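Structural description and commentary
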Amino acid sequence: MKIILLAASVILLCSITACNKSDLPGPGSNSIVGKWRWVKSVGGIGGFTVTPQSSGYNIRNEFYADSSFKRFQNNVLQISGNFRTTPNYQYSPTEKADILLISGPTLDTRPVSYLIRHDTLYLNEIYIADGYNEVYVRMK
């Protein structure tokens, strides 16, 4: 009888304290909303790599929940506007990507694909073969 009572107690205790998989913290948020610090850009016709160290400036992009956007260079506002995302956009007959478009009164931007993995944001030009691909990390 003691063994049955002990086994029932263990099962009950385990079921009460067990975690739900959805409660476990993920690798980071997939939301683009937040502040992002520029790490590097790679591309151009020569396949150059540009970093804050090599360029002498820092860039910070800020995406807000109201769809507004701001870009700062060395903490000075450079660009402001609005952004919109489109998931699973078919940009070629065989390829789909999540798309980011930033627009504003003085902006003429092309859509770029974006991917967020482990609090790292990857922006890739999709319509320019030798365009730049940028990497940002989420600021906490």
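What you see is a predicted model; the values in this text were computed from it and never measured.

1. What about the side chain of Asp 119?
In this fold, Asp 119 is placed in the loop between strand S7 (112-117) and strand S8 (120-125). Polar side-chain contacts of Asp 119 include one of 2.9 Å to the side chain of Lys 140.

2. Points about the environment of Gly 44
On the secondary structure map, Gly 44 appears in the loop between strand S1 (34-43) and strand S2 (48-50). The exposure class of Gly 44 is buried, given its relative accessible area of 18%. Those residues in contact with Gly 44, other than ones at most four positions away along the chain, are Asp 130, Gly 131 and Tyr 132.

3. Section: the environment of Leu 77
Here Leu 77 lies in strand S5 (residues 76-90). By relative accessible area, Leu 77 is classed as partly exposed at 44%. Residues Leu 77 and Asn 61, 16 residues apart in the sequence, show an inter-C-alpha distance of 9.8 Å. Each residue touching Leu 77, except ones within four places of it in the same chain, is listed here: Lys 70, Arg 71 and Phe 72.

4. Structural notes on the pattern of salt bridges
Across all of its chains, the model carries 4 salt bridges by this definition. A salt bridge links Glu 125 to Arg 110; its shortest N-O distance comes to 3.3 Å. Taken as a pair, Glu 125 in strand S8 and Arg 110 in the loop between strand S6 (96-103) and S7 lie far apart in primary sequence, 15 residues in all. Residue classification places Arg 110 among the partly exposed positions, given a relative accessible area of 46%.

5. A word on the packing of aromatic side chains
Under the criterion given, the structure shown has 4 aromatic pairs. Arranged with centres 5.0 Å apart and planes meeting at 50 degrees, the rings of Phe 63 and Phe 69 form a pair that is tilted. In this pair, the class of Phe 63 matches that of Phe 69, namely buried. Chaining the aromatic ring pairs together yields one cluster made of Phe 63, Phe 69 and Phe 83. Above the ring of Phe 72, the side-chain terminus of Arg 60 is found at 4.2 Å from the ring centroid.

Conventions used here
- Residues numbered from 1 in each chain as written.
- Predicted model: local features only at pLDDT ≥ 70, side-chain atom pairs only at ≥ 80, totals over all residues.
- Heavy atoms only, no water.
- Helix = DSSP H or I, 4+ residues; strand = E, 2+ residues; numbered from the N terminus.
- Polar contact = N/O pair within 3.5 Å; in protein donor to acceptor, adjacent residues only side chain to side chain.
- Buried < 20%, exposed > 50% of the residue type's maximum accessible area, 1.4 Å probe, protein only.
- Contact = heavy atoms within 4.5 Å.
- Salt bridge = Lys/Arg side-chain N within 4 Å of Asp/Glu carboxyl O.
- Phe/Tyr/Trp six-rings, centres within 6.5 Å; stacked < 30°, edge-to-face > 60°.
- Lys NZ or Arg CZ within 6 Å of the ring centre and 35° of its normal.

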